[in-house]
Amino acid sequence: MKTAAALVASVSLLAVAGAASAQTAAPEPVGKGSLIVTARMTGVLPQADDAIVTAAGADSGLKVDVGDDWMPTLGFTYFVADHWAVEAILGATQHEVRAQGGATDVAVHETWVLPPVVTLQYRPTPNATISPYVGAGVSYMAFFSGKDRNGFEVDLDDGFGVALQAGADWNLSGPWTLNLDAKKVWFDTDATINGGALKSSVSLDPWVVSVGVGRKF
């Protein structure tokens, strides 16, 4: 339901921006020194499917599952040269952590994640109607406001990851753009359960996908 609502909101956002693009003003150009601020609806979609083992390393028969979440985010893209830009995204998402295996499917933890991602982008045609780009950079995953569930105690380690990015801006009239963006982040965290009685090395490796409306400055 949360994903469906996020997609509906995204479509509505694009429809409003698309209507605004009917104005006759030409798209504003960008180049060195330009800034684009983009309001997005962003999904953080973890790919975790890692084994939970005992303190001695024996397989418990359970695996980790981490749920998806969609939240509003902001992106800031600054052009350090005509075809090169640095982007940073800010936002937080909330995820449920479950232990699954056999007849077991139980929630063990719920946590907020602050996953800022900073990338260096190459934009070959920044002022074309459709302006694609690719990028690479780093991410830092910080877990906060965690809540243990169903009698479990879970601790997750913060840390750095690496990211690749691809996306495109549709340059509308004046300073406005529509933006589609996808990032793949590679990030592992160590999960300690019940004081170390159980543990897992979790490859979250989320897709971070976004749709939004930007303004040039």
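The rules we used
- Residues numbered from 1 in each chain as written.
- Predicted model: local features only at pLDDT ≥ 70, side-chain atom pairs only at ≥ 80, totals over all residues.
- Heavy atoms only, no water.
- UniProt positions renumbered as here; feature names shortened; annotations may be inferred.
- Helix = DSSP H or I, 4+ residues; strand = E, 2+ residues; numbered from the N terminus.
- Buried < 20%, exposed > 50% of the residue type's maximum accessible area, 1.4 Å probe, protein only.
- Areas by Shrake-Rupley, 256 points an atom, 1.4 Å probe, with all protein chains shown as cover.
- Polar contact = N/O pair within 3.5 Å; in protein donor to acceptor, adjacent residues only side chain to side chain.
- Contact = heavy atoms within 4.5 Å.
- Core = buried A, V, L, I, M, F, W, Y, C linked by side-chain atoms within 4.5 Å.

- Under an unreviewed UniProt entry, the name given to the protein is OmpW family protein, and the source organism is Brevundimonas naejangsanensis.
- UniProt annotates the protein under Sequence similarities (unreviewed entry) with the comment "Belongs to the OmpW/AlkL family."

Here we look at the overall build of the protein
Right, on to step 1. Helix and strand counts for the protein stand at one helix and 15 strands.
Right, on to step 2. Here the protein holds 217 residues, and 43% of them are scored as buried.
Right, on to step 3. Of the roughly 10,300 Å² of accessible surface on the protein, a fraction of 64% belongs to carbon and sulfur atoms.

Regarding the side chain of H95
Right, on to step 1. Inspection of the secondary structure puts H95 in strand β6 (residues 93-101).
Right, on to step 2. For H95, a relative accessible area of 4% gives the class buried.
Right, on to step 3. In terms of polar contacts, H95 uses its side chain to reach the side chain of T93, at 2.7 Å.
Right, on to step 4. If near-sequence neighbours (up to four positions away) are discounted, H95 is found in contact with V44, P46, V66, G67, D68, D69, H109, E110, T111 and V113.

Examining the nonpolar core
Right, on to step 1. Among the nonpolar cores identified, the biggest contains 25 residues, and I52, V185 and L204 are the most heavily contacted of them.
Right, on to step 2. Listing elements by their share of this core, those giving two or more residues are β3 (59-66), β6, β7 (104-114), β9 (130-148), β10 (154-156), β13 (188-193) and β14 (198-203).
Right, on to step 3. Per-element tally for this core: the top contributor is β3, with three residues.

What to know about the environment of D49
Right, on to step 1. Relative to the helices and strands, D49 resides in the loop between β1 (35-45) and β2 (51-54).
Right, on to step 2. Dropping the residues within four chain positions of it, D49 is found in contact with K63 and V64.

Concerning unusual backbone geometry
Right, on to step 1. Non-glycine residue S145 carries a positive phi angle of around 55 degrees.
Right, on to step 2. Structurally, the position occupied by S145 is in strand β9.
Right, on to step 3. Unlike most non-glycine residues, N194 shows phi in positive territory, near 50 degrees.
Right, on to step 4. Topologically, N194 is positioned in the loop between β13 and β14.
Right, on to step 5. N194 gets classed as partly exposed once you look at its relative accessible area, which sits at 32%.

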